[in-house]
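Here is what each chain is made of, one letter per residue.
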Amino acid sequence: MTEITAFWTAIYIAMLAAFTGYVVISRVPVILHTPLMSGSNFIHGIVLVGAMVALGLATTPLEQVIGFVAVVLGAANVTGGYVVTERILQMFDRSGKKPGKGA
Amino acid sequence: MDLSFAIEPVYIATIFFFIVGLQRMSHPLTARSGIVWAGAAMLIATLVTFFTTGLSNLVLIAIAIVIGGGFGYIAAKRVAMTNMPQMIALYNGMGGGAAACISAVALLATHSMVTGGIAVVGGLIGAVSFAGSIIAFFKLQGWMPSRPITFPGQQIVNMAIFLLTVISGVLIVLQPAAIPISAAVVLPLFFILSFLFGILMTLPIGGADMPVVISMYNAFTGLAVALDGFSFAPPNYAMIIAGVIVGAAGSLLTLQMAKAMNRSLGNVFFGAFGATDTDGGQVKGSMKAIETDDVAVLLAYADTVIIAPGYGMAVAQAQQKVKELTDLLENKGISVKFAIHPVAGRMPGHMNVLLAEAGVSYDRLFDRDEINPEFPATDVVLVIGANDTVNPAAHRQGSPLFGMPILDVEQAKNVIVLKRGQGRGFAGIENDLFYRDNTRMLYGDAQETVGRLIQSLKKL
């Protein structure tokens, strides 16, 4: 596949993904806005895999430094985003008997 | 061991689980499993990426993951529930920063006009999201005044910076031989300008609008990640799809939030909401204080009580006491309901989460549309640490709050406002409610005040 074909394929895919994102989120109750924002914040943590490749293919020291920063930031996005979302959604679990101690 | 053949299949599965996860997160009953699905997918995607063909610096990658991941994990575990909104801003900013860095690496290498252009746009959006989210974090964390920060000619300065950013971006892409600026100068300049623009764009936005802003930067980061997906050969479809989904979903969420607060996006970004005082002199009368014992009597002889909590309750960590008070009143046969404004707390749904944490059952929580018709027939409304969301100025033309949907607590027979002092709300606007004849102010720290209220009630 030439670079230009791959580019247009990616555009097609991006368009379908945009519709997917729109449809998945529409009609969400207000109480789920915060967890959903947090959840989608976690999902763009996929930037981590791009950062890993950028650092992994880096050749010059400058590229390595920037790539290293990218991986650090991306990894924090992933773990932080996950834990925050998990903690918020935990509150929605009605079966969870023990009420918290007020953080 | 060469497992590079597994990368694409695993990425495809990852995207599938991301979408399923988001779908589940948008329904209350399945929400919790949604993040677990998405999390598992992210884990395998990260692991399989180590097998990318030609990948070196593996040790560096592992170290960076441990540092960043460790920080993210520990900080997120330690933070109190009340501070969650700024943590979302912080992690979102980091994602944006990572995206900006990937763009920078892509632009350092040789690039075609198309990939260069995409990387420049991705870098700009990522850097703006990074800088803006950090400012949002500072404002919500209280490390910076939360009010709008404005200066004369601000919008002109912002426009100028943006223009310079675009020009330097175009120079990077075109690399015109005629203009003797080396890439070593223009590339850092471009990122510094983008970063600066992100800061300047966020400074004039007040704390009350931060949820909308964070949500929008969340969509920005998604978009930046998607654009960065193009800078790999072949394109990283996982990044493109996940990024675009977040970009689309995040934009929609932003619009829904702005609607819930009755603010347009243009207003949020250019309105410098709450910077100026409202047209004073319109508020008549004075604030009337009341003692705890009198409130206890009032409550004890009431049939219906509605509690309108706000962020102040959460700051004072009074949720537990409020829950105790609720139980006490219910045991006396008094009906107690909670009126939850869509933006009570710092984000839509934040208050529900805080009350749920304290053990208040969901069927006691009512949203604005459900509860507003009930206020005229309510004996006592307890406003605990809420301000802007109960300000009847929203019904008055000319007020900066005009048109914002509020809880109509002023229609109740008695309104008791628990408040730390005589200060203003997050929006920095005088509250008419406090001056009404049927309103009494109960000053003090919400947790202590509710505690004393419980004691007084028990003695009755």
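Keep in mind that what you see is a predicted model, and the values were worked out from it rather than measured.

Focus: the overall build of chain A
Okay, so step 1: When you go through chain A residue by residue, the secondary structure sums to four helices and zero strands.
Okay, so step 2: Reading the helices (α) and strands (β) of chain A from amino to carboxyl end gives α-α-α-α.
Okay, so step 3: Across the 103 residues in chain A, those meeting the buried criterion constitute 57%.
Okay, so step 4: Contacts in chain A between residues at least 24 apart in sequence constitute 68% of all its contacts with a sequence separation of at least 6.
Okay, so step 5: Element-wise, carbon and sulfur atoms account for 70% of the exposed surface of chain A, whose accessible area totals about 4,400 Å².

What about the overall build of chain B?
Okay, so step 1: When helices and strands are counted, chain B shows 16 helices and six strands.
Okay, so step 2: In terms of overall dimensions, chain B has a C-alpha envelope of 80 × 55 × 30 Å along the principal axes.
Okay, so step 3: Counting only residues that meet the buried cut, chain B has 59% of its 460 residues in that class.
Okay, so step 4: Here chain B has roughly 18,100 Å² of accessible surface; of this, 65% comes from carbon and sulfur atoms.
Okay, so step 5: Averaging the locations of the 27 positively and 28 negatively charged side chains of chain B gives two centres separated by 3 Å.

Quick notes on the packing of helix α2 (residues 33–43) of chain A against helix α4 (residues 84–108) of chain B
Each pair of packed helices can be described by the angle between their axes along with the distance between the axes.
Okay, so step 1: One can describe the packing of α2 of chain A onto α4 of chain B by two numbers: an axis separation of 10 Å at closest approach and a directional angle of 20 degrees. The angle between the axes of α2 of chain A and α4 of chain B places the two elements in the roughly parallel class. By crossing handedness, the relation of α2 of chain A to α4 of chain B is classed as left-handed. Of the residues in α4 of chain B, those touching α2 of chain A at T34, M37, S38 and N41 of chain A are I88, Y91 and N92 of chain B.
Okay, so step 2: Residue composition of the contact of α2 of chain A with α4 of chain B, grouped by class: three nonpolar, four polar and no charged.

Quick word on the layout of surface pockets
Okay, so step 1: Considering only enclosed or pocket space, the largest pocket measures out at about 850 Å³ in volume.
Okay, so step 2: If you trace the largest pocket, you find 32 residues lining it, with L57 of chain A together with S231, F232, A233 and P234 of chain B closest to the centre.
Okay, so step 3: Secondary structure elements with two or more residues in the lining of the largest pocket: α1 (3–25) and α3 (47–56) of chain A together with α1 (7–25), α4 and α5 (113–141) of chain B.
Okay, so step 4: The residue inventory of the lining of the largest pocket, partitioned by class, reads 21 nonpolar, eight polar and three charged.

Things to note about the interface of chain B and chain A
Okay, so step 1: Taken together, the contacts link 105 residues of chain B with 85 residues of chain A.
Okay, so step 2: Summed over the three residues of chain B that lose the most area to chain A, namely R32, I35 and M42 of chain B, the buried surface amounts to 8% of that side.
Okay, so step 3: At the junction of chain B and chain A, the tally comes to one salt bridge.
Okay, so step 4: Across the pair R32 of chain B and E86 of chain A runs a salt bridge whose closest N-O atoms are separated by 3.4 Å.
Okay, so step 5: At the junction of chain B and chain A, the tally comes to 16 residue pairs in polar contact (both at pLDDT 80 or more).

Some thoughts on the nonpolar core
Okay, so step 1: Of all hydrophobic cores here, the largest spans 171 residues; its most connected members are I46 of chain A together with F18, L299, V305 and L382 of chain B.
Okay, so step 2: It is α4 of chain B that provides the largest number of residues to this core, a total of 16 residues.
Okay, so step 3: Taken domain by domain, the makeup of this core includes at least three residues from each of domain 1 (79–270) and domain 2 (292–459) of chain B.
Okay, so step 4: Excluding residues that lie within four positions of it along the chain, L382 of chain B makes contacts with V295, L299, I306, I307, A308, L325, I416 and L418 of chain B.
Okay, so step 5: Formed by 20 residues, the second largest nonpolar core is a distinct cluster that contains I371, V390, V417 and M441 of chain B.

Considerations on the domain arrangement of chain B
All names here are of chain B.
Okay, so step 1: Segmenting chain B into domains produces domain 1 (79–270) and domain 2 (292–459).
Okay, so step 2: Put simply, the middle of domain 1 and the middle of domain 2, counted by C-alpha atoms, are 37 Å apart.
Okay, so step 3: Interface of domain 1 and domain 2: buried area, both sides summed, is about 1,400 Å²; carbon and sulfur atoms make up 73% of it.
Okay, so step 4: Counting across the interface, domain 1 meets domain 2 through zero salt bridges.
Okay, so step 5: Our count for the contact surface shared by domain 1 and domain 2 stands at one residue pair in polar contact (both at pLDDT 80 or more).

Re the environment of A296 of chain B
Residues and elements named next belong to chain B.
Okay, so step 1: Along the polypeptide, A296 turns up in helix α11 (residues 292–300).
Okay, so step 2: On the basis of relative accessibility, which here comes to 1%, the residue A296 falls in the buried class.
Okay, so step 3: Separated by 160 residues in sequence, A296 and S456 place their C-alpha atoms 6.0 Å apart.
Okay, so step 4: Not counting the four nearest positions on each side in its chain, A296 is found in contact with L453, S456, L457 and L460.

Thoughts on the packing of aromatic side chains
Okay, so step 1: Summed over all chains, the structure comprises twelve aromatic pairs over all chains.
Okay, so step 2: Considering the side-chain rings of F130 of chain B and F195 of chain B, the 5.7 Å spacing of their centres and the 35 degrees angle between planes classify their relative orientation as tilted. One end of the pair, F130 of chain B, is in helix α5; the other, F195 of chain B, is in helix α7 (residues 183–202), with 65 residues separating them in the sequence.
Okay, so step 3: Classification of F130 of chain B by relative accessible area gives partly exposed; the value is 23%.
Okay, so step 4: For F195 of chain B, a relative accessible area of 34% gives the class partly exposed.
Okay, so step 5: Note on F137 of chain B and W143 of chain B: the rings are 5.4 Å apart at their centroids and 85 degrees apart in plane angle, and the pair reads as edge-to-face.
Okay, so step 6: For F137 of chain B, a relative accessible area of 8% gives the class buried.
Okay, so step 7: A network of ring pairs unites the aromatic residues F7 and W8 of chain A together with F230 of chain B as a single cluster.
Okay, so step 8: One cation-aromatic arrangement involves K337 of chain B over F366 of chain B; the distance from NZ or CZ to the ring centre is 5.1 Å.

Parameters at a glance
Residues numbered from 1 in each chain as written. Chains lettered and ligands numbered in written order. Predicted model: local features only at pLDDT ≥ 70, side-chain atom pairs only at ≥ 80, totals over all residues. Heavy atoms only, no water. Helix = DSSP H or I, 4+ residues; strand = E, 2+ residues; numbered from the N terminus. Buried < 20%, exposed > 50% of the residue type's maximum accessible area, 1.4 Å probe, protein only. Contact = heavy atoms within 4.5 Å. Areas by Shrake-Rupley, 256 points an atom, 1.4 Å probe, with all protein chains shown as cover. Lys, Arg positive; Asp, Glu negative; His and termini not counted. Charge placed at Lys NZ, Arg CZ, Asp CG, Glu CD. Axes fitted to C-alpha atoms, helices over the stretch in contact; angles between N-to-C directions. Parallel < 35°, antiparallel > 145°, perpendicular 65-115°, else oblique. Left-handed = near helix turned anticlockwise from the far one by under 90°. Nonpolar A, V, L, I, M, F, W, Y, C, P; charged D, E, K, R; others polar. 1 Å grid on protein atoms, 1.4 Å probe; cavity = no way out; pocket = protein on both sides within 12 Å on 5 of 7 lines; lining within 4 Å. Points joined across faces, edges and corners; volume = space filled by probe spheres on them. Buried area = accessible area lost by both parts, 1.4 Å probe. Salt bridge = Lys/Arg side-chain N within 4 Å of Asp/Glu carboxyl O. Polar contact = N/O pair within 3.5 Å; in protein donor to acceptor, adjacent residues only side chain to side chain. Core = buried A, V, L, I, M, F, W, Y, C linked by side-chain atoms within 4.5 Å. Domains from an automatic or database assignment. Phe/Tyr/Trp six-rings, centres within 6.5 Å; stacked < 30°, edge-to-face > 60°. Lys NZ or Arg CZ within 6 Å of the ring centre and 35° of its normal.

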